[in-house]
2 protein chains.
Amino acid sequence: MREKQSIEAMSQFLKALSDSTRLEIIRRIQGKEHCVCEFVEMFDISQPAISRHLKVLKTAEVILERRDRQWIYYRLNEAHPQYGIVLQILKGLESEPALSPACGC
Amino acid sequence: MREKQSIEAMSQFLKALSDSTRLEIIRRIQGKEHCVCEFVEMFDISQPAISRHLKVLKTAEVILERRDRQWIYYRLNEAHPQYGIVLQILKGLESEPALSPACGC
DNA sequence: AATGCATATAATCATTTCGTTATATACTAT
DNA sequence: ATAGTATATAACGAAATGATTATATGCATT
C-alpha cells in the first residue's frame with residue numbers, strides 16, 4: 001500500500017504549513033527571497049523561534065535556502081510536487097472571509 | 001488588519017486537514033457520504049477517536065453531517081470558501097511520490 | 001419502559017508543538 | 001587571533017494534540 005505513505009507525506013506537508021507564523025513567512029516570501037533577519041524584525045518572537053519555523057518549512061521542502069556571506073536567504077520551492085497546494089493557499093490568503101462557526105446541519 | 005485574521009483562519013483550516021486519519025477520511029468521503037460506523041471499521045482506532053476527528057473536520061466546516069435515524073452521515077462541504085484547497089490536496093493524494101529528505105541547497 | 005445500537009462527550013495520559021533563554025557555529029572585519 | 005554579526009542548535013517548560021477507557025445521549029424496537 002503506497003497510499004498509506006502518500007497520506008503520511010501529505011499530512012507532514014500540511015503540518016508544516018498549518019501555523020500562522022509559517023503561513024505569514026511563505027506569504028512574505030512570495031516573489032522575493034528574504035533573509036532570516038528580516039523575519040526576525042517582522043515577528044514578535046525570538047530569533048531561535050524564527051529559525052525553527054524556517055527549518056520546519058525547509059525540511060518539508062516548502063522553501064529553499066541560499067547562503068550569501070553571513071546571510072541566509074529563503075525562497076519558495078516552486079518545484080515542490082505539491083506546489084499547487086501552496087499556491088492555492090496563498091491565493092486563499094488574499095481575500096479569505098472570516099469563517100463562521102459551524103452550524104453542523 | 002484583516003490579514004491577521006485571515007492567516008489565523010487559514011492556519012486553523014490547515015490544522016484540521018493535517019492529520020493522516022482525517023486525510024484518509026476526506027479521501028474516502030469523496031463522492032459518497034459515509035456514516036461513522038464505516039470509519040470505525042476502516043481504521044484501527046477507537047470509535048471515540050473517530051468521533052473526535054470528525055468533529056475537528058466538522059468544526060472547520062470541511063465536512064457536513066446529515067442524520068438519518070440512528071446513523072449520522074458525513075460528506076464533503078463543497079461550498080467551503082477553501083474547497084479549492086481540499087480538491088488540490090485530494091488530487092495530490094492520488095499520485096504523490098514519496099518526499100525525499102531535504103537537501104537544503 | 002427497557003434494551004440495544006450508533007454516536008458523542010468526559011476524564012486522563014503520552015507525545016508533539018512552540019515558545020523561551022543559553023550557547024554554538026559560520027562568516028566578516030579588524 | 002579577536003570581536004562582531006547572522007544564524008542554528010540545545011535544553012527546558014507550557015500548551016495543544018491524539019489516543020484510551022468510561023459514560024452519556026439519541027433513536028429504534030420490543
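What comes next is a walk through the structure.

Criteria and cut-off values
Residues numbered from 1 in each chain as written. Chains lettered and ligands numbered in written order. Predicted model: local features only at pLDDT ≥ 70, side-chain atom pairs only at ≥ 80, totals over all residues. Heavy atoms only, no water. Axes fitted to C-alpha atoms, helices over the stretch in contact; angles between N-to-C directions. Helix = DSSP H or I, 4+ residues; strand = E, 2+ residues; numbered from the N terminus. Parallel < 35°, antiparallel > 145°, perpendicular 65-115°, else oblique. Contact = heavy atoms within 4.5 Å. Nonpolar A, V, L, I, M, F, W, Y, C, P; charged D, E, K, R; others polar. Pairing = 2+ DSSP bridges. Near = heavy atom within 4 Å. Polar contact = N/O pair within 3.5 Å; in protein donor to acceptor, adjacent residues only side chain to side chain. Buried < 20%, exposed > 50% of the residue type's maximum accessible area, 1.4 Å probe, protein only. Expected span 1.5 Å × (residues − 1). Arc of directions from axis to C-beta.

**Concerning the packing of helix α5 (residues 83-94) of chain A against helix α5 (residues 83-94) of chain B**
Contact pair α5 of chain A / α5 of chain B: the axes reach a minimum separation of 9 Å and the direction vectors enclose 175 degrees. In terms of their interaxial angle, α5 of chain A and α5 of chain B are classed as roughly antiparallel. Here α5 of chain A contributes G84, I85, Q88 and I89 of chain A to the contact with α5 of chain B, which in turn contributes G84, I85, Q88 and I89 of chain B. Its residues placed into classes, the contact of α5 of chain A with α5 of chain B shows 4 nonpolar, 4 polar and no charged.

**A few points about the sheet that holds strand β2 (residues 63-68) of chain B**
The pairing of strands in a sheet comes from backbone hydrogen bonds and takes either a parallel or an antiparallel form. Residue and element names in this part refer to chain B. Spatially, 3 strands are ordered β1-β3-β2 in an open sheet, and the strand pairing comes out antiparallel. Each having just a single partner strand, β1 (34-35) and β2 make up the two edges of the open sheet. Two elements, β2 and strand β3 (residues 71-76), share 6 bridges in a ladder whose sense is antiparallel. Bridging from a neighbouring strand, D68 pairs with W71 of β3. Across the sheet, helix α2 (residues 20-29) lies against β1, β2 and β3, angled at about 90 degrees from β3, the strand it touches most.

**Regarding the protein's contact with DNA strand D**
Taken together, 22 residues lie around DNA strand D, and C37, Q47 and Y74 of chain A together with S46 and H53 of chain B are the ones closest in. A share of 72% is what sugar and phosphate atoms reach among the atoms of DNA strand D within 4 Å of the protein. Separating a phosphate oxygen of DNA strand D from a side-chain N or O atom of R22 of chain B is a distance of 3.3 Å. In the environment of DNA strand D, a phosphate oxygen lies 2.6 Å from a nitrogen or oxygen atom belonging to the side chain of S46 of chain B. If you list the elements that add at least two residues to the surface near DNA strand D, you get α3 (36-42), α4 (47-59) and β3 (71-76) of chain A together with α4 (47-59) of chain B. Looking at the surface near DNA strand D element by element, the count peaks at 4 residues for α4 of chain A. Here the surface near DNA strand D is composed, by residue class, of 10 nonpolar, 6 polar and 6 charged.

**Looking at unusual backbone geometry**
In this model, E61 of chain A sits at a positive phi of 60 degrees, which is unusual for a non-glycine residue. Looking at the element boundaries, E61 of chain A is found in the loop between α4 and β2 (63-68). By relative accessible area, which is 18% here, E61 of chain A ends up buried. Even without being glycine, R69 of chain B reaches a positive phi, approximately 60 degrees. Owing to a relative accessible area of 67%, R69 of chain B belongs among the exposed residues under this scheme.

**Thoughts on the packing of helix α2 (residues 20-29) of chain A against α4 of chain A**
Residue and element names in this part refer to chain A. Where α2 meets α4, the closest approach of the two axes is 10 Å, and the angle between their N-to-C directions is 70 degrees. Relative to α4, the element α2 is oriented roughly perpendicular. In contact with T21, R22, I25 and I26 of α2, α4 contributes H53, L54, V56 and L57.

**Comments concerning α4 of chain B**
Residues and elements named next belong to chain B. A rise of 1.5 Å per residue sets the reference length of α4, with its 13 residues, at 18 Å; its end C-alpha atoms lie 18 Å apart and thus fit the reference within 8%. Listed in full, the buried residues belonging to α4 are I50, H53, L54 and L57. Taken end-on, α4 shows its buried residues confined to a sector of 100 degrees, consistent with a single buried face. Opposite the buried face of α4, by more than 90 degrees, sit the exposed residues R52 and K55.

**What about α5 of chain A?**
The terminal C-alpha atoms of α5 of chain A lie 17 Å apart, and with 12 residues this matches the ideal 16 Å at 1.5 Å per residue to within 8%. The set of residues buried in α5 of chain A consists of Y83, I85, V86, Q88, I89, L90, G92 and L93 of chain A.

Take it as geometry only, folks, not as evidence of what the structure does.
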